[in-house]
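A closer look at the structure
This is what each chain is made of:
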Amino acid sequence: MATSVTSTGITFPDSTTQTTAASASAMSLISTQTVSSATSAVSWTGLSGYDKYFLIFESVVPVNSSQSLTMTLGYGAGPTYLSSGYKYAGAFNWNSNLSSMYTFNGGNVNLSNYYNLGSTGSSESYSGYVYINSATYSGFWGYQCMSSFVDTSNNAQEADIFAGQVANSGNALTAIKLTCGGGANIASGKFSLYGMSS
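A few points on the structure.

The rules we used
- Residues numbered from 1 in each chain as written.
- Predicted model: local features only at pLDDT ≥ 70, side-chain atom pairs only at ≥ 80, totals over all residues.
- Heavy atoms only, no water.
- Phe/Tyr/Trp six-rings, centres within 6.5 Å; stacked < 30°, edge-to-face > 60°.
- Buried < 20%, exposed > 50% of the residue type's maximum accessible area, 1.4 Å probe, protein only.
- Helix = DSSP H or I, 4+ residues; strand = E, 2+ residues; numbered from the N terminus.
- Pairing = 2+ DSSP bridges.
- Core = buried A, V, L, I, M, F, W, Y, C linked by side-chain atoms within 4.5 Å.
- Contact = heavy atoms within 4.5 Å.
- Polar contact = N/O pair within 3.5 Å; in protein donor to acceptor, adjacent residues only side chain to side chain.

The description of two aromatic rings rests on the distance between their centres and on the angle between their planes. In total, this model carries seven aromatic pairs according to the counting rule given. When the centroid spacing of 5.9 Å and the interplanar angle of 70° are considered together, the rings of Y50 and Y53 count as edge-to-face. Assessed through its relative accessible area of 21%, Y50 is described here as partly exposed. Residue Y53 is classed as buried on the basis of its relative accessible area of 1%. With a centroid separation of 6.5 Å and an interplanar angle of 40°, the aromatic rings of Y86 and Y143 are classed as tilted. Here the residue Y86 occupies a position in strand β9 (residues 86-94), and Y143 occupies one in strand β13 (residues 140-150), the gap between them amounting to 57 residues. Taken individually, Y86 and Y143 each receive the classification buried, so the pair is uniform in this respect. Ring pairing ties together the aromatic residues Y86, Y88, Y143 and F162, which thus form one cluster.

Below, the structure written as structure tokens:
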């Protein structure tokens, strides 16, 4: 079962539902992009009109093995993507082991912080969501992520949760880009971006 957003809440792959206080009109689908052949990046540009964004990624698989899904944020018409200063802290649970804490300060937001995804044909995939706030604030953009990794036997092997921010030099957010680490292409996956007005 895929992650889905409805007027009553967010339903996750394990069939649990998180209800939302916002009305149906407060969350608007900007676009859904489905990747079925190798592509270097999935991106949204020219973003405006929202202070918050909600990004869902489902069943993501890289072309090459041992690669992670990463996110960079940008501003302006270009756009210009920030290449440093992404700071966040969180925890992961790997293969039923006890949770571990971590911190990060680097050039992007790594959406799979512990386990690197398998390659095309491995049946391994990564799914989750990112909430981006303060998109119009002139100091920083914030982000919070929850995600999980599924192995070749369709068993959940990793769960990540983290939060952080990046200084934006006084610019509003206009672009979001997802890539795989190490310059690898994305082989497949579904990506939906929503704008939130309240």
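Below, the discussion takes up the pairing of strand β16 (residues 186-196). When you tally the buried positions in β16, you get nine out of eleven residues, the bulk of the element. Bridge count for strand β4 (residues 27-35) against β16 is eight bridges, and the pairing is antiparallel. Note that in β16 the partner of M27 across the bridge is M196. As paired elements, strand β6 (residues 52-62) and β16 share nine bridges and run antiparallel to each other. Bridging from a neighbouring strand, F57 pairs with F191 of β16.

Looking now at the nonpolar core. Core analysis: the biggest nonpolar cluster contains 36 residues, and M71, L73, L111, Y143 and I176 have the highest contact counts within it. Setting aside its immediate chain neighbours within four residues, M71 contacts N108, V109, L111, V130, I132, Y143, I176, K177 and L178. Of all hydrophobic cores here, the second largest spans seven residues; its members include F54, I56, Y129 and Y194.

Within the secondary structure layout, S147 lies in strand β13. Looking at S147, the relative accessible area reads 8%, which means it is buried. Within polar-contact distance, the side chain of S147 engages the side chain of Y126 at 3.0 Å.

Moving on to unusual backbone geometry. Outside of glycine, negative phi angles account for most residues, and trans bonds account for most peptide bonds. Look at the link from G78 to P79: it is a cis peptide, with omega at -10°. Secondary-structure assignment places P79 in the loop between β7 (69-75) and β8 (80-81). Here the phi dihedral of S134 falls at roughly 60°; this positive angle occurs in a residue that is not glycine. With respect to the helices and strands, the residue S134 is situated in the loop between β12 (125-133) and β13.

When you line up the elements, G195 lands in strand β16. Considering only alpha carbons, one finds G195 and I30, 165 residues apart in sequence, at a separation of 6.4 Å.

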